[in-house]
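# Chains, contacts and geometry: an overview
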Amino acid sequence: MREINASLITETVSRLCIDANLHLPCGMRECIVSCIDKEESPLGKSVLGDIVSNLDCADELSVPICQDTGMAVIFAEVGQDCHIVGGAFEDAVNAGVADGYVKGRLRLSIVSDPFLDRKNTNNNTPAVIHTKIVPGDKISLMVAPKGFGSENMSRLKMFTPSATREDIIGFVTETVSLAGSNPCPPIVVGVGIGGDFEYSAYLAKKALCRDLAIRNPDPEYAKMEQEMLSEINKLGIGSQGFGGTVTALYVNIEKSATHIAGLPVAVNIGCHVTRHAHAVI
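Now for a description of the structure that goes with this document. (Residues numbered from 1 in each chain as written. Predicted model: local features only at pLDDT ≥ 70, side-chain atom pairs only at ≥ 80, totals over all residues. Heavy atoms only, no water.)

### Examining the nonpolar core
What counts here: Put simply, a nonpolar core is a bunch of buried Ala, Val, Leu, Ile, Met, Phe, Trp, Tyr and Cys residues held in one set by side-chain atoms that sit within 4.5 Å of each other. Buried means the residue's accessible area, taken with a 1.4 Å probe over protein chains only, is under 20% of the maximum for its type, while exposed means over 50%, and partly exposed covers the values in between. Secondary structure elements follow DSSP: runs of H or I of four or more residues count as helices, runs of E of two or more count as strands, with numbering from the N terminus.
Counting 28 residues, the largest nonpolar core has I9, V13, I74, F89, V97, I139 and L141 as the members making the most contacts within it. For this core, the elements supplying multiple residues, two or more each, are α1 (6–22), β2 (71–79), α4 (89–103), β5 (139–146) and β10 (277–280). If you look at the next biggest cluster of nonpolar residues, it comprises 25 residues, including A163, F171, M224 and M228.

### With respect to the sheet that holds strand β4 (residues 128–134)
Note the cut-off: Criterion used throughout: strands pair if DSSP finds at least two bridges between them. Here, axes are lines fitted to C-alpha atoms. For helices the fit covers the stretch in contact, and angles between N-to-C directions go from 0 to 180 degrees. Two residues qualify as a contact provided that any one of their heavy atoms is within 4.5 Å of a heavy atom in the partner residue.
Read from one edge of the open sheet, four strands run β4-β2-β5-β10, paired in mixed fashion. Each edge of the open sheet is held by one strand with a lone partner, namely β4 and β10. Adjacent strand axes in the sheet meet at a mean angle of 15° when their direction is disregarded. Against the sheet, α1 makes contact with β5 and β10, and its axis sits at roughly 40° relative to β5, the strand it touches most. This element, helix α7 (residues 197–207), spans β2, β4 and β5 of the sheet and lies at about 95° to β2.

### So, empty space enclosed by the protein
How we decide: Only protein atoms enter the calculation, which uses a 1 Å grid: trapped sets of points that fit a 1.4 Å probe without letting it out are cavities, open sets showing protein on both sides within 12 Å along at least five of seven lines are pockets, and any residue with an atom within 4 Å of a point is a lining residue. Grid points are joined across faces, edges and corners, and a volume is the space filled by probe spheres set on the points. Charged means Asp, Glu, Lys or Arg here, nonpolar means Ala, Val, Leu, Ile, Met, Phe, Trp, Tyr, Cys or Pro, and polar covers whatever is left, Gly included.
Counting across every chain of the model gives one cavity of 30 Å³ or more. In this structure, the largest cavity occupies an estimated 90 Å³ of space. Every residue lining the largest cavity is counted, 14 residues in all, and those nearest its centre are P145, K146, L208, T274 and R275. Tallying contributions element by element places β5 first for the lining of the largest cavity, with three residues. A class-by-class count of the residues in the lining of the largest cavity yields six nonpolar, five polar and three charged.

### Digging into the packing of helix α6 (residues 165–179) against helix α8 (residues 219–233)
Rules: Angle categories: roughly parallel below 35 degrees, roughly antiparallel above 145, roughly perpendicular from 65 to 115, and oblique for all the rest. Crossing handedness follows the turn of the near helix against the far one: under a right angle anticlockwise gives a left-handed crossing, and clockwise gives a right-handed one.
Between α6 and α8, the shortest axis-to-axis distance is 9 Å and the interhelical angle comes to 40°. With respect to each other, α6 and α8 are oriented oblique. Classified by chirality, the crossing of α8 by α6 is right-handed. Seen from α6, the contacting residues are R165, I168, I169, V172, T173 and V176; seen from α8, they are E220, K223, M224, E227, M228, E231 and I232.

### Brief notes about the packing of aromatic side chains
Note the cut-off: Whether two aromatic rings pair depends on their centres lying within 6.5 Å, for rings of Phe, Tyr and Trp, where Trp uses its six-membered ring; planes under 30 degrees apart make the pair stacked, over 60 edge-to-face, and the rest tilted.
Tallying each qualifying case throughout the model produces three aromatic pairs. Ring geometry for F159 and F171: centres 5.7 Å apart, planes at 85°, overall edge-to-face. Linking F159 in strand β6 (residues 155–159) with F171 in helix α6, this pair joins segments that are twelve residues apart in sequence. Owing to a relative accessible area of 10%, F159 belongs among the buried residues under this scheme. Look at Y199 and Y202: their rings are 5.1 Å apart centre to centre, the planes differ by 25°, and that puts the pair in the stacked class. With Y199 and Y202 both in helix α7 and three residues apart, the pair spans about one turn of that helix. Here a set of aromatic residues connected by ring pairs shows up, and it is made of F75, Y199 and Y202.

### Points about the layout of surface pockets
Which parts of space are left empty comes out when a probe the size of a water molecule is rolled across the atoms. Estimates place the volume of the largest pocket at around 310 Å³. Lining the largest pocket are 18 residues, with E151, A201, Y202, K205 and N268 positioned closest to its centre. Elements represented by at least two residues in the lining of the largest pocket include exactly β2, β4, α5 (148–151), β6, α7 and β9 (263–270). For the lining of the largest pocket, the leading source of residues is α7, giving five residues. Taken as a whole, the second largest pocket encloses approximately 220 Å³ of empty space. Lining the second largest pocket are D68, G70, M71, S109, I110, V111, S112, D113, P114, R118, K146 and F148. In the lining of the second largest pocket, the residues fall into five nonpolar, three polar and four charged.

Honestly, that's just the spatial picture; any functional story needs more than this.
Following this line, the structure appears as structure tokens:
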């Protein structure tokens, strides 16, 4: 049994919160740059160029890529052969979020009550924490700050098993169409298929954290990812809504087993600064 001190969890989460808000995941900048050549609209090319300049300035000046530094979402895989000492796991994670957001001078956007008393917590906690127990003696931490310009455009639909491939692709495309320029395109689209009501949404959010260079391991779902991307880019929304042939950078699908009577499909949209940072302790 390996012991891991809660203070190490706090330190790691703090660092990841800052890193994720200052630097895009590997390959994202290059993907946006490559889209400049694919974009057919001169205005769209110019906007994409401005986006790349913003990324480079943020990196050079060590300031957040976007003013909305998001709600902290943490995907944690905790090895069953490790023992956390010196504090509770979730307390350690939230302490890390508070430290990272305050020390990193990141925008504090979380209110303690969603409806009755929307008072700011002043440290961006509590975080949304998804914990999974896995084999081993390590802890994997993925910190994914989620801005709400894109989060607000997300949707979920409880299809019946009679839904067709075209129905699902159509729903995803419709979701992006309804979102328009609101999620700051070019966007990343996470799609969760299966599970139940809440698990399909979890899958869609988790899909946003998959490396953009990795397609779904199932060839049919990988094909659907490309079909969805193609249909979305036919919408003509373009970067920041100015029109063009590049509305989405990529689409990731995650799927899970589901009930014989259902077919949940969730769509979680990420803006062009779909952020996440990962570490293993």
